[in-house]
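Residue-level structure breakdown
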Amino acid sequence: MPHLPNAVLWSIPAFVLLTVVEMVACRLHPDEDAEGYAAKDAATSVTMGLGSLFFDLVWKIPIVAVYAAVHELTPLRVPVLWWTLPPMLLAQDFLYYWLHRGHHVIRILWACHVVHHSSRKFNLSTALRQPWTSWTGWVFYLPLIALGVHPAAVAFCSSASLVYQFWIHTERIGTLPRPVELVFNTPSHHRVHHASQGGYLDRNFAGILIVWDRLFGSFAPETERPVYGLTKNIDTYNPLRVATHEYAAIARDVAAAEDWRERAGRVFRGPGWTPGTAVPGTAAADEPAPVSAPPAAAGPVPERTRAAGA
């Protein structure tokens, strides 16, 4: 068993410090075009993050068992060395892109991920708003295990990706130098991902590298001010409701379905799918629509997104 740290746990002090710094900066130097902080919203995000630490431990028990079994069955072995970690992280980032995209277009997966999109604010505390049902993503990393990557190395790469994604949840940083924006996921790109309007829906699924979105047609630049949250917001700060509201909606829709085909569609087709819709998501209530054409360029990015700094 390779001895690799849990990057998320080690980064918690930095998360707290940077969130406090951003909160103070928003208070001392407010930006009229930014959402800033709201006490109840930030408290809910922090509560969801703390809860996810506990529930992740619970879900990891069966997941680690499956990973260990697959790792034992495969004859392949990838050593955990300083020079093998970068390609492992690259492979994990590629698979994360598809995991993330899948969690936007399959409703039962969206029921988990919707938690992260449920805030109408966009700040560093939003990064902490994590689901309590993270059992839905493990299957996407099975190829890495089957190729001989140790489960501990997969966990390390996943935690490193989450640490990277913390800092991109902010409106205090504008667009970065063009080479960075071309290759990496940035606050500008991730603001688009959290937006709820028009061609911004279901865009920019990247973890670390935005190149996956550019390659697979899901990229959209930030051309207008994002409106954060869901297309139909849930209007609650109750952590239990935030964690479970979409599962409850699925249960209601399945109970009201007229046949098994509709029941399956309510669970496994796109968020907002109803019988007779040609494309999953066209009748979305509180979920994003499927990947569509990015918004047409609307001139230069607003001043808020050009001016960097805290």
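Scroll up a little and you will see the structure.
The structure presented is a predicted model; accordingly, all values stated were derived computationally and were not measured. (Residues numbered from 1 in each chain as written. Predicted model: local features only at pLDDT ≥ 70, side-chain atom pairs only at ≥ 80, totals over all residues. Heavy atoms only, no water.)

What to know about helix α9 (residues 187-194)
The element α9 is extensively covered by neighbouring structure, given that eight of its eight residues are classed as buried. Those residues of α9 not exposed but buried are Pro 187, Ser 188, His 189, His 190, Arg 191, Val 192, His 193 and His 194. (Buried < 20%, exposed > 50% of the residue type's maximum accessible area, 1.4 Å probe, protein only. Helix = DSSP H or I, 4+ residues; strand = E, 2+ residues; numbered from the N terminus.)

Structural notes on the pattern of salt bridges
Taken as a whole and judged by the stated rule, the model has nine salt bridges. The partner of Arg 129 in a salt bridge is Asp 41, and the shortest N-O contact between them spans 3.1 Å. Taken as a pair, Arg 129 in the loop between α5 (124-127) and α6 (142-146) and Asp 41 in helix α2 (residues 39-73) lie far apart in primary sequence, 88 residues in all. Looking at Arg 129, the relative accessible area reads 1%, which means it is buried. Put simply, Arg 107 and Asp 253 hold a salt bridge, and the shortest N to O gap is 2.8 Å. (Salt bridge = Lys/Arg side-chain N within 4 Å of Asp/Glu carboxyl O.)

Some details on empty space enclosed by the protein
Following the criterion strictly, the structure yields two cavities of 30 Å³ or more and no others. Considered as a void within the structure, the second largest cavity measures approximately 40 Å³ in volume. Lining the second largest cavity, in full, are Glu 22, Cys 26, Ala 34, Glu 35, Gly 36, Phe 122, Asn 123, Thr 170, Glu 171 and Arg 172. Residues that form the lining of the second largest cavity fall into these classes: three nonpolar, three polar and four charged. (1 Å grid on protein atoms, 1.4 Å probe; cavity = no way out; pocket = protein on both sides within 12 Å on 5 of 7 lines; lining within 4 Å. Points joined across faces, edges and corners; volume = space filled by probe spheres on them. Nonpolar A, V, L, I, M, F, W, Y, C, P; charged D, E, K, R; others polar.)

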